[in-house]
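One letter stands for each residue in the lines below.
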Amino acid sequence: MDPLTSRLRGFGTTIFAEMSELAVATGSINLGQGFPDTDGPTEMVEAAVAAIRDGRGNQYPPGPGIAPLRAAIATHQFTHYGLAYDPDSEVLVTAGATEAIAAALLALIEPGDEVVALEPYYDSYAACIAMAGGVRVPVTLRPPDFALDLDALRAAVTPRTTVLLLNSPHNPTGMVLSRDELTAIATLARERDLIVVTDEVYEHLVYDDRVHIPIATLPGMRERTVSISSAGKTFSMTGWKIGWVTGPPALVSAVRTAKQFLTYVSGGPFQYAVAAALALPGTYYENLSSSLARKRDILCAGLTEAGFEVHKPRGTYFVTTDIRPLGESDGLAFCRSLPARCGVVAVPEVVFFDDRAVGAPLVRFAFCKRDEVLTEAVARLRTLRDGA
Ligand code: PMP
Ligand code: GLN
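Computed from a prediction, not measured in an experiment: that's the story for all the values here.

> Looking at this structure, how should I read the sheet that holds strand β5 (residues 161–167)?
Think of a sheet as strands paired side by side through backbone hydrogen bonds, with each pair either parallel or antiparallel. Strand order in the open sheet made by the seven strands is β2-β8-β7-β6-β5-β3-β4, with mixed pairing throughout. Each edge of the open sheet carries a strand with a single partner, namely β2 (91–95) and β4 (135–140). Across this sheet, the average inter-strand angle for adjacent strands is 25°, counted without regard to direction. Lying on the sheet, helix α3 (residues 67–81) is in contact with β2 and β8 (242–246); it crosses β2 at an angle near 110°.

Below you can see the structure in the form of structure tokens.
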């Protein structure tokens, strides 16, 4: 008998684990799981080493996170967005954004509550809503531009909805919510008295002069918004798992209550290093985004040449493609066969959709890799078209 609870049935191994294992087993180029193949800033590495050597953070750090990191997060929110948060009552350090999402949903959802979220979903959303006993209600983002359908969003909200779960810039589609879209979402949230949980881990990965607008900056939203981010993406250290939550005291305190019984604390010395990284100058973020924009263009051009329909992303380090021009329609089968066919790993987006018909032909590739790796991947993918 399967000992797994009914809440978690259907949530087997994550697609990222499956595809990364396949990459290792076949020696393929891994454009599946989103992690950079170049580590973050040297200053950060040195700061972590120094913290370990100096005995800072080697024992349990304070539950809400070390004070210098909470102060650095508050400064980041103010410098980039004009959002003022009190480091003591309005900032919480978590074990990556993943724990922040889990703790927020566990803290804020009663069993049976509906959570409206944009699909395709980042995979942990559905599992965490299920663990919290909530019911997920999708609003589908559709190709080619994955724009938010505001009528569908309004229709998805019912008297049982308590939380709107947003993600912008959006994984996997690369969609970035515009000010007009955010204004409409904010109006709905205020009218229907919803809490907004917003996953902004790709806040600095936006391209073509687009800007990321935190929904907490819109009128009346700061008091009802839990904002989540992470050092993993911004500082290219996905293994460190230092994330954070900002929001009004009552919401942050609720999330902290759940968080303290999940991990209590994590990553003591890394917290010091992330505090140091958050003090890097603005040019750091500009260079990160311009370097990734170049990588995006290399991969998008190569995928187009290889015969994919490419949906060029406005943010994140993922590109969504449609495999139908290649004469294929089943993204899951395609991704499982791709390593053997040409030595490249990608992620089938169908696993992020409830509406499997929309997701079936969509395949995600990550471009947070060295230029030469992307060039080699593209050369391999081109052989699909050549029938080699
Ligand atoms: N949210 C989104 C949208 C993501 O893509 C990811 C993956 N990095 C996470 C959350 C998890 O972030 P972390 O690694 O900091 O837990
Ligand atoms: N966020 C990463 C992605 O979307 C994966 C993180 C994970 O493996 N859980 O690829």
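Read on, since the account is not over.
> Sorry, what's going on with the packing of aromatic side chains here?
Ring pairs (aromatic) are described by centroid distance and by the angle formed between their planes. In total, this model carries 14 aromatic pairs according to the counting rule given. On the numbers, 5.7 Å between centres and 75° between planes, the contact of Tyr202 with Tyr317 is edge-to-face. Note that Tyr202 is positioned in the loop between β6 (195–199) and β7 (225–230) and Tyr317 in the loop between β9 (309–311) and β10 (318–322), a separation of 115 residues in sequence. Classification of Tyr202 as buried rests on a relative accessible area of 3%. With centroids separated by 5.4 Å and ring planes inclined at 85°, the aromatic side chains of Phe308 and Phe365 adopt a geometry described as edge-to-face. Of this pair, Phe308 sits in the loop between α11 (282–305) and β9 while Phe365 is found in strand β13 (residues 362–366), placing the two residues 57 residues apart along the sequence. One exposure class covers both Phe308 and Phe365, and it is buried. Here the aromatic residues Phe16, Tyr122, Tyr125 and Phe352 are joined through ring pairs into a cluster of three or more.

> Looking at this structure, how should I read the nonpolar core?
One recurring pattern in soluble globular proteins is that nonpolar side chains are buried together. Residues Phe365 and Leu381 are the most contacted members of the largest nonpolar core, which totals 99 residues. Apart from residues no more than four positions distant in its own chain, Leu381 is found in contact with Leu303, Ala306, Phe308, Leu338, Cys342, Val344 and Phe365. Ranked by size, the runner-up nonpolar core spans 28 residues in total, among them Val196, Leu218, Met221 and Phe353.

> Is there a simple way to think about the environment of Val116 in this case?
Relative to the elements of secondary structure, Val116 occurs in strand β3 (residues 114–119). When its relative accessible area of 0% is taken as the criterion, Val116 is described as buried. In this structure, the C-alpha to C-alpha distance between Val116 and Val139, residues 23 residues apart in sequence, is 7.1 Å.

> Would you take a moment to explain the site of ligand 1 for this structure?
Close to ligand 1 lie 14 residues; Thr98, Asp199, Tyr202, Ser230 and Lys233 are nearest. Take Asn171: an N or O atom from its side chain is 2.7 Å from an oxygen atom of ligand 1. Here Ser230 contributes a side-chain N or O atom positioned 2.6 Å from an oxygen atom of ligand 1. With respect to the pocket detection grid, ligand 1 is positioned in the largest pocket. Considering every element that reaches the shell around ligand 1, the biggest residue donor is helix α4 (residues 96–108), with four residues. A breakdown of the residues in the shell around ligand 1 according to their chemical character gives six nonpolar, five polar and three charged.

Calculation rules
- Residues numbered from 1 in each chain as written.
- Chains lettered and ligands numbered in written order.
- Predicted model: local features only at pLDDT ≥ 70, side-chain atom pairs only at ≥ 80, totals over all residues.
- Heavy atoms only, no water.
- Pairing = 2+ DSSP bridges.
- Helix = DSSP H or I, 4+ residues; strand = E, 2+ residues; numbered from the N terminus.
- Axes fitted to C-alpha atoms, helices over the stretch in contact; angles between N-to-C directions.
- Contact = heavy atoms within 4.5 Å.
- Phe/Tyr/Trp six-rings, centres within 6.5 Å; stacked < 30°, edge-to-face > 60°.
- Buried < 20%, exposed > 50% of the residue type's maximum accessible area, 1.4 Å probe, protein only.
- Core = buried A, V, L, I, M, F, W, Y, C linked by side-chain atoms within 4.5 Å.
- Near = heavy atom within 4 Å.
- Polar contact = N/O pair within 3.5 Å; in protein donor to acceptor, adjacent residues only side chain to side chain.
- 1 Å grid on protein atoms, 1.4 Å probe; cavity = no way out; pocket = protein on both sides within 12 Å on 5 of 7 lines; lining within 4 Å.
- Sits in = over half its atoms within 2 Å of the grid points.
- Nonpolar A, V, L, I, M, F, W, Y, C, P; charged D, E, K, R; others polar.

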